[in-house]
Amino acid sequence: MSEPDDAADDLPSGAAAGFIEPVAMEDDPAELFAGDTGTLDVDVRRVLVRLLQRRFLLADKSPAQWRTLLENQQIIESRLHDLFVRLVVDHDRGIAYKQQVRSAESDVPILLRDDPYNRAETLVLVHLRTVFQRERGTGETSARVDIEELEQTVLTYFDPDDHNLARGQREIRNAVQRLVTEGLLAEESAGRYRITPLVEVVLSTEKLTELNGWLREQNGVAS
């Protein structure tokens, strides 16, 4: 005698029947490595790491990561705040960067070390910011410089008694290379560079005015 067709409905299901309840694919924990307890998607983790590794995240250079950042900005900010780091997203310039939180009221551990610019790097940066500001003031959408122009300008601020021209040029070229690495300059052809909007973030108008005044004093010119 056969069982009724609905007999299966009376059978125990799931763990009671000795089986594991199936888990929907979207609810299945996706470990990225053994013992992974992280909750962020892999793309969001990559953006978080990128922000910690690099000084800037640029929308035009990394459009996919920029979209991921904007779509997950709140959770990324939260993770950075856990580390006493602030996230700054400049939508107009398409730039995101981090800042170390500092507080006089509480003992905040410092995660991000300051890596100040040396003399040559600062002088190059001041010139780049000046050129960028001048070109934007005339309505130009971009600003460019040549390595020869940079050398001629920056060398005027070096010690006039130091006649080692090759050493000064080497310092300037090393400074340019650091600024290229950091994204403040983009080499378009040999010795020809485009100044990126990052220069405005690194050197504000107020700081530029202050440094220009200091340089005029160093050169013996009344401010």
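The structure under discussion appears in the preceding block.
What this report covers is the structure whose coordinates are included nearby. (Residues numbered from 1 in each chain as written. Predicted model: local features only at pLDDT ≥ 70, side-chain atom pairs only at ≥ 80, totals over all residues. Heavy atoms only, no water.)

This paragraph deals with the pattern of salt bridges. Where charged atoms from two side chains of opposite charge approach closely, those side chains can pair. Summed over all chains, the structure comprises 13 salt bridges. For the salt bridge of arginine 46 with aspartate 43, the shortest nitrogen-to-oxygen distance reads 3.3 Å. Taken as a pair, arginine 46 and aspartate 43 lie in helix H1 (residues 42-53) at a separation of three residues, close to a single helical turn. On the basis of relative accessibility, which here comes to 49%, the residue arginine 46 falls in the partly exposed class. One salt bridge connects glutamate 171 with arginine 119, and the closest N-O pair in it is separated by 3.1 Å. (Salt bridge = Lys/Arg side-chain N within 4 Å of Asp/Glu carboxyl O. Helix = DSSP H or I, 4+ residues; strand = E, 2+ residues; numbered from the N terminus. Buried < 20%, exposed > 50% of the residue type's maximum accessible area, 1.4 Å probe, protein only.)

Strand order in the open sheet made by the three strands is E4-E6-E5, with antiparallel pairing throughout. In this open sheet, the two strands that pair with only one neighbour each are strand E4 (143-146) and strand E5 (185-189). Within this sheet the neighbouring strands show an average axis-to-axis angle of 35 degrees, counted without direction. Judged from the four bridges that link them, E5 and strand E6 (residues 192-195) form a sheet pairing that is antiparallel. Bridge assignment links glutamate 187 to a residue of E6, and that residue is tyrosine 193. Most of the contacts of helix H4 (residues 119-137) go to E4, to which it runs at about 140 degrees, and overall it touches E4, E5 and E6. Taken strand by strand, helix H5 (residues 147-155) contacts E4 and E6, and its axis lies near 75 degrees from that of E4. (Pairing = 2+ DSSP bridges. Axes fitted to C-alpha atoms, helices over the stretch in contact; angles between N-to-C directions. Contact = heavy atoms within 4.5 Å.)

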